[in-house]
Amino acid sequence: MALNIGWNHLVVLGKYGITTLDSDLDLVVIDPSMKDGCKPGATPLNKKLYDTHRISRSLNDGGFKVLKAIPEATVPIVKFLHWKTKLNCDICINERLGLFNTDLLATYCQISPLLRPMLLLIKMWAKPLGLNSPASQNRGSPTFSSYALALMTVNFLQIRGLLPNLQADLPPLNPRIPGSVFYAKNKGKPVACDVRHHTEMKGWEPTGSPSLREILVDWFAYWGKEFEYDQSVVSIRNGCILHIPHLKGPALHVMDPFIEEKNVTHGISDRSIRFFTVECANAASFLKQGMTFRDLTDPASRRRKTVKKSKKKRKSLEKMLEGLQFSREEQNHSINAK
């Protein structure tokens, strides 16, 4: 399948090893004339490159099925399908911030051998529950993107002393150094983003060496019971949780590492967050009881486990009520005997 829209450089996003059979493919077309992004005063040499309708026509001509063009989005994209593989794809133009995000997460994955399998299993757990659906697609309100779950996991490992902060202790920013600043749009306005990060942290050592099962139990318990949603902000750029009493706005605040004003979970409803916390608590309980990762990511297995657990609780309650009734009958008999 050939495409002809004058593309100079096509790059695949999300290349840090976390893919499943139903993962989407994210693509970005690089515009060499706008290497610093939407910098004030800069003008692309080829404005046609940013025409989503033109991209849609080229994709159709190339044999792809265009699902939707979204020119009014903060980052205009075209959603399309590759017929042969049934692979869903998103393509945007020159949104290089995704490249910087991908590189940052890939570096964290290189530092911790736990991170990549954690992200994969969390994604496999969340997807069938509808907790990994950033676009609602008429199935209710949007939930977590894979990117949001990745930021939450990196921050969790930072808090546990199992990952460093790769954006800490950087030298003063010099915008003249290539690759230091990228201008991205946030709420329709260009924002200068410091996209630098360390590629290693000399002298840093993790505080422990938990197994994958142990750290996953801890992750689920943390988001299910420990995390204080009403006064906590997730920030991997700061390497910690920012505590802000009486926090207003969305039910969860997960800040982008490069656009500090951007909450990547702002569109998730309170109801979805409550469902997330309940399912996290359930997952922690199931893993503690010995449930396998395969069963954890299988909705049918979890449902059978939940039903079994509910029946056990119901039987215990019935026994308690029977005992209570028996005690009252004994008490009445004793009073009548007197």
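For clarity, every value in this text was computed on a predicted model and none was experimentally measured. (Residues numbered from 1 in each chain as written. Predicted model: local features only at pLDDT ≥ 70, side-chain atom pairs only at ≥ 80, totals over all residues. Heavy atoms only, no water.)

Engineer: So what exactly am I meant to see when it comes to the confidence of the model for the protein chain here?
Structural biologist: Low pLDDT marks stretches whose predicted atomic positions should not be read closely. Chain-level pLDDT for the protein chain is 84 on average; 81% of the residues reach the 70-or-more range. Considering only residues more than four positions removed or in separate chains, one finds that residues 324-338, a stretch of pLDDT under 50, has 0 contacts. (pLDDT = per-residue confidence, 0-100. Contact = heavy atoms within 4.5 Å.)

Engineer: Explanation requested: the sheet that holds strand β8 (residues 232-235) in the structure shown.
Structural biologist: Think of a sheet as strands paired side by side through backbone hydrogen bonds, with each pair either parallel or antiparallel. The strand order across the open sheet built from 3 strands is β9-β8-β10, with neighbouring strands paired in mixed fashion. Every other strand in the sheet has two partners, leaving β9 (240-243) and β10 (253-254) as the edge strands with one partner each. Of the pairings in the sheet, the one linking β8 to β9 comprises 4 bridges and is antiparallel in character. Pairing of Val233 across the sheet is with Leu242, part of β9. The strands that helix α4 (residues 146-159) touches are β8, β9 and β10; relative to β8, the one it contacts most, it runs at about 95°. (Pairing = 2+ DSSP bridges. Helix = DSSP H or I, 4+ residues; strand = E, 2+ residues; numbered from the N terminus. Axes fitted to C-alpha atoms, helices over the stretch in contact; angles between N-to-C directions.)

Engineer: Please explain helix α1 (residues 52-61) as it appears in this structure.
Structural biologist: For an α-helix, the turn length of 3.6 residues means that residues three or four places apart are oriented alike. Turning to α1, its buried residues are Thr52, Ile55, Ser56, Ser58 and Leu59. Angularly, the buried residues of α1 cover 165° about the axis, an arc narrow enough to put them on a single face. Where α1 is buried, its residues meet β3 (65-70), β4 (77-82) and β5 (87-93). Sitting at the amino-terminal end of α1 is Asp51, which places a side-chain oxygen 3.0 Å from the backbone nitrogen of His53. (Buried < 20%, exposed > 50% of the residue type's maximum accessible area, 1.4 Å probe, protein only. Arc of directions from axis to C-beta. Polar contact = N/O pair within 3.5 Å; in protein donor to acceptor, adjacent residues only side chain to side chain.)

Engineer: What is the right way to look at the packing of aromatic side chains in this model?
Structural biologist: In this description, an aromatic ring pair is defined by two values, namely the gap between the centres and the angle between the planes. If you walk through the whole model with that rule in mind, you get 14 aromatic pairs. Aromatic side chains Phe64 and Phe80 sit 5.2 Å apart centroid to centroid with 85° between the ring planes, which places their arrangement in the edge-to-face category. On the criterion of sequence distance, the pair formed by Phe64 in the loop between α1 and β3 and Phe80 in strand β4 is long-range, its members being 16 residues apart. Note on Phe64: relative accessible area 14%, which makes it buried. The class for Phe80 is buried, based on a relative accessible area of 3%. Their ring planes at 50° and their centres at 5.4 Å tell us that Phe156 and Tyr222 sit as a pair that is tilted. Taken together, the residues span a long stretch of sequence, with Phe156 in helix α4 and Tyr222 in helix α5 (residues 212-226) at a distance of 66 residues. With a relative accessible area of 0%, Phe156 lands in the buried category. (Phe/Tyr/Trp six-rings, centres within 6.5 Å; stacked < 30°, edge-to-face > 60°.)

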